[in-house]
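For reference, the chains in residue letters:
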There are 2 protein chains.
Amino acid sequence: MRAVVESLEESRIREVANEGLGREGVLKFWFGESDEVTPAFIREAAIASLQAGETFYAHNLGLPELRHAIAGYTHGLHPQQSTDQWFDRIAVTSGGVNGLMLASQALVEAGDEVVVVTPAWPNLVAQPQIMGATVKTVPLKVVAQGAHAGAWTLDMDALIAAITPATRLLIVNAPNNPTGWTLTRDEQAAILAHCRRTGTWILADEVYERLYFAGDSSHGAAPSFLDVAVPEDRLIVAHSFSKSFLMTGWRLGWLVLPKPLTHAVGKLIEFNTSCAPVFTQRAAVVAMERGQDVTPALVAHLRRCRDTLVPLLQAVPGVTLAEPRGGMYAFFHLAGQDDCLDTAKRLVREAGLGLAPGSAFGPEAAGWLRWCFASRDPQRLEEGVQRLARWLARA
Amino acid sequence: MRAVVESLEESRIREVANEGLGREGVLKFWFGESDEVTPAFIREAAIASLQAGETFYAHNLGLPELRHAIAGYTHGLHPQQSTDQWFDRIAVTSGGVNGLMLASQALVEAGDEVVVVTPAWPNLVAQPQIMGATVKTVPLKVVAQGAHAGAWTLDMDALIAAITPATRLLIVNAPNNPTGWTLTRDEQAAILAHCRRTGTWILADEVYERLYFAGDSSHGAAPSFLDVAVPEDRLIVAHSFSKSFLMTGWRLGWLVLPKPLTHAVGKLIEFNTSCAPVFTQRAAVVAMERGQDVTPALVAHLRRCRDTLVPLLQAVPGVTLAEPRGGMYAFFHLAGQDDCLDTAKRLVREAGLGLAPGSAFGPEAAGWLRWCFASRDPQRLEEGVQRLARWLARA
């Protein structure tokens, strides 16, 4: 086996989840998914397709109907290109993670330098490493005091300094998992302008685009690199049906590509998974067509979850966190618990509370914990905070 | 974009299929899939899972129930290890192609040398190239005359000479797509013995294992490297639900790994697709449990298809082919048609017959055509041969 594969860090979140195996009554907030089942009308589209016998190979780039639906959705958020223009830039992938991996395969040569803004979902660092690249991380900074204490912010000077003509690719996830940090439009423009100068590609993981609570955009979504870029820019944006449509287990996502790359990414899809199942794509078409029946209610619910959880957590002694602007995570610092992997394991065993350790997302987040607040029943969040507070009082 | 990705050859099969877009009445034998829908009882298991709301993330390595079912299936064909021992060596993948790609990611470093036996499914050459490897092909040889004229055979001396201590990985697909060639047990043992000496990994694509007509094994399946290897050998075997269970569009396969690699491949799955959907895995469990209701009848039907098609084709002037021992393809040489990509396109346009060009599988197969005989209605095969014969008579 390759040394780089051997050394890839195993998911620390899974390590914590393993502590919970066989334990009754653990409140699980460790994974990045809602506990809500995919809406019935979406599942029914897949069922109808299976009943109709759609069990054959499909186009590498996705069903034309689905690409068209995604293109229309993209046009709705980003009207600077028509649905037909977006169509030629869409590739359906087997999950958001698969899209991100395809982008690394398309762009990253062994020995290339890749910059990743962290804390981040560990997959963003692992993928270019699998392709043989050297990864340089640029950590976000924590606001230590004041009204925004516990918020994570971008040190733009540090990021600009890290991206040089030797940098093949910048990978950035905003709204960010785990911190809830988002990029502003001005920051996106500044990063893009710099990357144009250095010839660096941008891979923007925008899967949380719709889960945005700041209310400072006309369509409700977070700022996107698509709105500051021109079609010719070296930019790939990764999306997923998982978060905004409650479809984690379906493994469906899409990439928005510069048009000249779409064909090549289709070839890579052939060599990676060939295609996504037709019956899951039929469900995704319906999710797109009836997205207004899903996403706005979901975002409103997540906002209620956030507004339930965050003040309760802030009131717990030793906890520092800022209200997240997007995503579905409360990311908080717990004073005196620097070994957060150990803390997370103890919380499972001793408090029946399942959280993800911050160190899973980068060394700068040691001492932090991630709490996914996408809970159908907000009461579970309250019960979780009580468990945390009781455990801290005992500790 | 990376030069290697740009230069990956686009599927010539798709190029031919594109000739058929919008044309009515083309008899399509170009893709490697049956025209039979997945059996209803398998689809119903997925439907039940969707109705039960199984729409969440799953284990990287696959549902334990499915891994157990695959392990039991593997034990049935290869009793030298127990079901529990095989269990620890099974990883569920998002299609056979995905398993093969994961194997390349696990083993192949940029600059490594990989040997591939050709003609072969083009993906086998492309995958290590995507990882930055140098691919050396070892062509099978065609029997020119006699009872086996048109059969492809292995030049063992050439293969042994090609595999040196510098060879990181040997990739071999047998029963072979497109030629129908299969490895004998003795050949497998000789290849393995040599690869042990050179320290070379073997990646065996055995997805056609069950589609074997030679009748010279006790369980009906083709010889497998698993039967000549010990658990510690550097051997990965790739399998798929697509061919033996009529599940092409489901994108489900599995790898049989040396136990120490299973955990690492689980990490790679996390970074590539995270997992296969639970509801497709539920269908696969049922396919495994009730495989006796599917595969034997399918193999008997494919044998009838082969026995219908091959003699008819052999009677066409200018056609040379040998009866395939395994797989679901008739691979034949057509005299005077060296540019088989052009021939295949003309057959679509001028004869309404859709075949795959041999050159898609390697330059040594220029002048050949692949005919997938997995047709629910063997009458379609007869009609296809008539179209070919009429077209040749006109040409």
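Residues numbered from 1 in each chain as written. Chains lettered and ligands numbered in written order. Predicted model: local features only at pLDDT ≥ 70, side-chain atom pairs only at ≥ 80, totals over all residues. Heavy atoms only, no water.

**Re the overall build of chain A**
Defined as follows: Secondary structure counts use DSSP, requiring at least four H or I residues in a row for a helix and at least two E residues in a row for a strand, with both numbered from the N terminus. What the globule rule says is 2.2 Å times the number of residues to the power 0.38, and the radius of gyration is computed from C-alpha atoms. Using a 1.4 Å probe on the protein chains alone, a residue whose accessible area is under 20% of its type maximum counts as buried, one over 50% counts as exposed, and one in between counts as partly exposed. Two residues qualify as a contact provided that any one of their heavy atoms is within 4.5 Å of a heavy atom in the partner residue. Computed with a 1.4 Å probe, the accessible areas rest on the Shrake-Rupley method; for each residue, only the protein chains presented here act as cover. Charged residues are defined narrowly, with Lys and Arg counted positive, Asp and Glu counted negative, and His plus the chain ends left uncounted. Every charge is mapped to an atom, namely NZ of Lys, CZ of Arg, CG of Asp or CD of Glu.
For chain A, the count of helices and strands is 15 helices and 15 strands. For 395 residues, the compact-globule formula gives about 21 Å, and the C-alpha radius of gyration of chain A, at 21 Å, lands near that figure. Reported as C-alpha extents along the three principal axes, the dimensions of chain A are approximately 60 × 55 × 50 Å. Residue burial in chain A is summarised as follows: out of 395 residues, 63% are buried. The long-range fraction of contacts in chain A, counting pairs at least 24 apart against all pairs at least 6 apart in sequence, stands at 73%. Of the roughly 13500 Å² of accessible surface on chain A, 50% is carried by carbon and sulfur atoms. Taken as two groups, the 35 positive and 41 negative side-chain charges of chain A have centres that lie 2 Å from each other.

**Let's talk about the pattern of salt bridges**
Residue and element names in this part refer to chain A. What counts, and what does not: A side-chain nitrogen of Lys or Arg and a carboxyl oxygen of Asp or Glu constitute a salt bridge if their distance falls within 4 Å.
If you walk through the whole model with that rule in mind, you get 38 salt bridges over all chains. Notably, a salt bridge pairs Arg380 with Asp35, separated by 3.2 Å at the nearest N-O pair. Remark: Asp35 occurs in the loop between strand 1 (27–28) and helix 3 (40–51) and Arg380 occurs in helix 15 (residues 378–394); sequence separation between them is 345 residues. Residue classification places Arg380 among the partly exposed positions, given a relative accessible area of 22%.

**Observations concerning the relation of the copies chain A and chain B**
The condition that has to hold: The fit set for superposing copies consists of C-alpha atoms from residues with pLDDT of at least 70 in both; the fit itself is least squares.
Each copy of the sequence occupies a distinct position, and chain A is placed on chain B by a rotation of 180° and an axial shift of 0.0 Å, giving an RMSD of 0.0 Å. Taken together, the turn and the small shift mark the pair as related by a two-fold rotation axis. Residue by residue, 100% of the interface of chain A is reproduced at the interface of chain B, so both copies engage with the same surface.

**Observations concerning the interface of chain A and chain B**
Note the cut-off: Buried area: the accessible surface (1.4 Å probe) lost by two parts on joining, summed over both. Here a polar contact is taken to be a pair of N or O atoms separated by no more than 3.5 Å, where protein atoms must pair a possible hydrogen donor with a possible acceptor and residues adjacent in sequence count only if both atoms sit in side chains. Any residue that is not Ala, Val, Leu, Ile, Met, Phe, Trp, Tyr, Cys, Pro, Asp, Glu, Lys or Arg is counted as polar, Gly included; the first ten are nonpolar and the last four charged.
Contact residues are listed per partner, giving 68 residues for chain A and 68 residues for chain B. Taken together, the two surfaces of chain A and chain B that pack against each other cover about 5600 Å², and 59% of this comes from carbon and sulfur. A per-residue breakdown of the area chain A buries against chain B is headed by Met1, Tyr57 and Phe271 of chain A, which together make up 14% of the total. Across the chain A-chain B interface, the total number found is two salt bridges. If you look at where chain A meets chain B, you find 39 residue pairs in polar contact (both at pLDDT 80 or more). At the level of secondary structure, the elements contributing two or more residues to the side of chain A that touches chain B comprise helix 1 (3–7), helix 3, helix 6 (96–107), helix 7 (123–130), helix 11 (259–272) and helix 12 (278–289) of chain A. Residues that form the side of chain A that touches chain B fall into these classes: 31 nonpolar, 22 polar and 15 charged.

**Points about the domain arrangement of chain A**
All names here are of chain A. Inclusion rule: Per the annotation, domain bounds derive from an automatic or database assignment of domains.
With domains assigned, chain A is organised as domain 1 (3–38 + 294–394) and domain 2 (41–290). Each of domain 1 and domain 2 has a C-alpha centre, and these two points are 24 Å apart. The interface is formed by 32 residues belonging to domain 1 together with 39 residues belonging to domain 2. For the pairing of domain 1 and domain 2, the buried interface totals around 3100 Å² over both sides, and the portion due to carbon and sulfur atoms is 65%.

**Concerning the nonpolar core**
Worth spelling out the cut-off: Among buried residues, those of type Ala, Val, Leu, Ile, Met, Phe, Trp, Tyr and Cys that are joined through side-chain atoms within 4.5 Å constitute a nonpolar core.
Residues Phe241 and Trp371 of chain A together with Phe241 and Trp371 of chain B are the most contacted members of the largest nonpolar core, which totals 224 residues. Among residues more than four places away in sequence, those in contact with Phe241 of chain B are Leu66, Ile70, Leu246, Met247, Leu252, Gly253, Trp254, Ala284, Ala287 and Met288 of chain B. Listed in part, the 68 residues of the second largest apolar core include Trp201 and Ile236 of chain A together with Ile236 and Ala238 of chain B.

**Re the packing of aromatic side chains**
Residues and elements named next belong to chain B. As a reminder, the rule being used: In this scheme Phe, Tyr and Trp rings, the latter by its six-membered ring, pair at centre separations within 6.5 Å, and the angle between planes marks the pair as stacked below 30 degrees, edge-to-face above 60, and tilted otherwise.
A full pass over the atoms with the stated rule returns 26 aromatic pairs over all chains. Taking the centre distance of 5.9 Å and the plane angle of 50° together, the rings of Trp152 and Phe331 count as tilted. Taken together, the residues Trp152 in strand 6 (residues 152–153) and Phe331 in strand 12 (residues 329–334) connect sequence positions 179 residues apart. Take Trp152: its relative accessible area is 4%, and that puts it in the buried class. Judged by its relative accessible area of 3%, Phe331 falls in the buried class. Between Tyr208 and Tyr329, the aromatic rings sit 5.7 Å apart at their centres with planes inclined by 75°, giving edge-to-face as the arrangement. On the criterion of sequence distance, the pair formed by Tyr208 in the loop between strand 8 (201–205) and helix 10 (225–228) and Tyr329 in strand 12 is long-range, its members being 121 residues apart.

**Examining helix 4 (residues 64–77) of chain A**
Put simply, the test is: One fewer than the residue count of a helix, multiplied by 1.5 Å, yields its expected span.
Between its first and last C-alpha, helix 4 of chain A extends 20 Å over 14 residues, near the 20 Å set by a 1.5 Å rise per residue. Close packing links the buried residues of helix 4 of chain A with helix 5 (83–87), strand 2 (90–93), helix 10 (225–228), strand 10 (253–256), helix 11 and helix 12 of chain A.

**Observations regarding the pairing of strand 8 (residues 201–205) of chain A**
Remember that side chains alternate between the two faces of the sheet whenever the strand is regular. Residue and element names in this part refer to chain A. We apply this condition: Between any two strands, pairing holds if DSSP finds at least two bridges. Look down the strands so they point away from you; if the path from the first strand over the helix to the second goes clockwise, the crossover is right-handed.
Where burial is concerned, most of strand 8 is hidden: five out of the five residues are buried. The side-chain alternation of strand 8 yields two buried faces, one formed by Trp201, Leu203 and Asp205 and the other by Ile202 and Ala204. Where strand 7 (residues 167–173) meets strand 8, five bridges bridge the pair, whose relative direction is parallel. The partner of Leu169 across the bridge, within strand 8, is Trp201. One crossover worth recording links strand 7 to the parallel strand 8 by way of helix 9 (residues 185–198), and it is right-handed. Two elements, strand 8 and strand 9 (residues 235–240), share four bridges in a ladder whose sense is parallel.

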